[in-house]
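# Fold and contact review
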Amino acid sequence: MLQVKGLTYRNIIKNITFNVEKESCVSLIGKNGSGKSTLLKCIAGILKDFDGEVLLNGKDLKSLSMREIAQNVAYVPQLIEKKIELKVREFLELSLFPHQVKITKKEALKRVIETAERLGIEQLLERRMCFLSGGEVQKVLISGAVIQGVEFILLDEPTSHLDIYRKREILDFILNLKSEGKTLIFVSHNLEEVRELSDRVIVLSNGEIAKTIDKSDINLLFDREFQEFVYA
């Protein structure tokens, strides 16, 4: 289980508390600036100067090293700001860094190839990241999270800036992760995707939880009054 208790970060996130059960998906929605991405970065250990607690299966995130955090949680950003010259194979090998003291280079390559084949990106392995399409990059980033061998995967608008076909590809990719037992936190403005993926939806407003929606009430997402409440 992933537990967030009273998480506060500067004046951006204010006393956030929620749990994510194993093998489930919780989605975060809210207008731009509501604190969604900052919250993910705190849970991922990218931002650590927060008040409150983040517990990964009972372990306090702040007590863990970066290697230990990376053995438990992976963060998939919305965009990569800089062009990466590495080949996809090399990038995925780097994703194994939490386990490098335990595996050989031969074993690392074996894991990369097996993961690429399982996720359908084996044809990209020798291509450079900087020459990939947006959808291909997202697949590689998500594959990097998978190859880390983590239980918790945090996804920050992974289908934004993609065409309709690529959005569907990436969403199916994520649904497959959920079916394999991964625990997900998903940030998106696409309410159709949120409905398809989510076991629970948390609405953020001005850095606070404004509302929580259970799966049984998921169609509330498409109520006009609710959408005005979230995004107006």
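Relevant structure appears above.
Residues numbered from 1 in each chain as written. Predicted model: local features only at pLDDT ≥ 70, side-chain atom pairs only at ≥ 80, totals over all residues. Heavy atoms only, no water.

## Regarding the sheet that holds strand β8 (residues 183–187)
If you walk across this open sheet you meet the six strands as β6-β7-β8-β3-β9-β10, and the pairing is mixed. The outermost strands of the open sheet, each flanked by one partner alone, are β6 (73–76) and β10 (208–214). For this sheet, the mean inter-axis angle between neighbouring strands, taken without regard to orientation, is 15 degrees. Pairing analysis gives four bridges linking strand β3 (residues 25–29) to strand β9 (residues 200–205), with the strands arranged parallel. The partner of Val26 across the bridge, within β9, is Arg200. Its contacts with the sheet place helix α5 (residues 134–147) against β6 and β7 (152–156), and it is angled at close to 170 degrees to β6. (Pairing = 2+ DSSP bridges. Helix = DSSP H or I, 4+ residues; strand = E, 2+ residues; numbered from the N terminus. Axes fitted to C-alpha atoms, helices over the stretch in contact; angles between N-to-C directions. Contact = heavy atoms within 4.5 Å.)

## Examining the pattern of salt bridges
For the structure shown, the criterion picks out 14 salt bridges. Among the salt bridges present, the one from Glu169 reaches Lys139, with a minimum N-O distance of 3.7 Å. Of the two residues, Glu169 sits in helix α6 (residues 164–179) while Lys139 sits in helix α5, which places them 30 residues apart along the sequence. For Glu169, a relative accessible area of 22% gives the class partly exposed. Note that Asp172 and Arg168 form a salt bridge whose closest N and O atoms lie 2.6 Å from each other. Taken together, the residues span about one helical turn, with Asp172 and Arg168 both in helix α6 at a distance of four residues. Here Arg168 falls in the partly exposed class, since its relative accessible area comes to 35%. Taken together, the salt bridges that share partners define one network made up of Lys87, Arg89, Glu93 and Glu126. (Salt bridge = Lys/Arg side-chain N within 4 Å of Asp/Glu carboxyl O. Buried < 20%, exposed > 50% of the residue type's maximum accessible area, 1.4 Å probe, protein only.)

## Quick look at the nonpolar core
Core analysis: the biggest nonpolar cluster contains 46 residues, and Ile29, Leu92, Val140 and Leu221 have the highest contact counts within it. Ranked by residues supplied to this core, first place goes to α5 with seven residues. What Leu92 contacts, discounting residues up to four positions off in sequence, is Val112, Ile121, Leu125, Val140, Ser143, Gly144 and Ile147. (Core = buried A, V, L, I, M, F, W, Y, C linked by side-chain atoms within 4.5 Å.)

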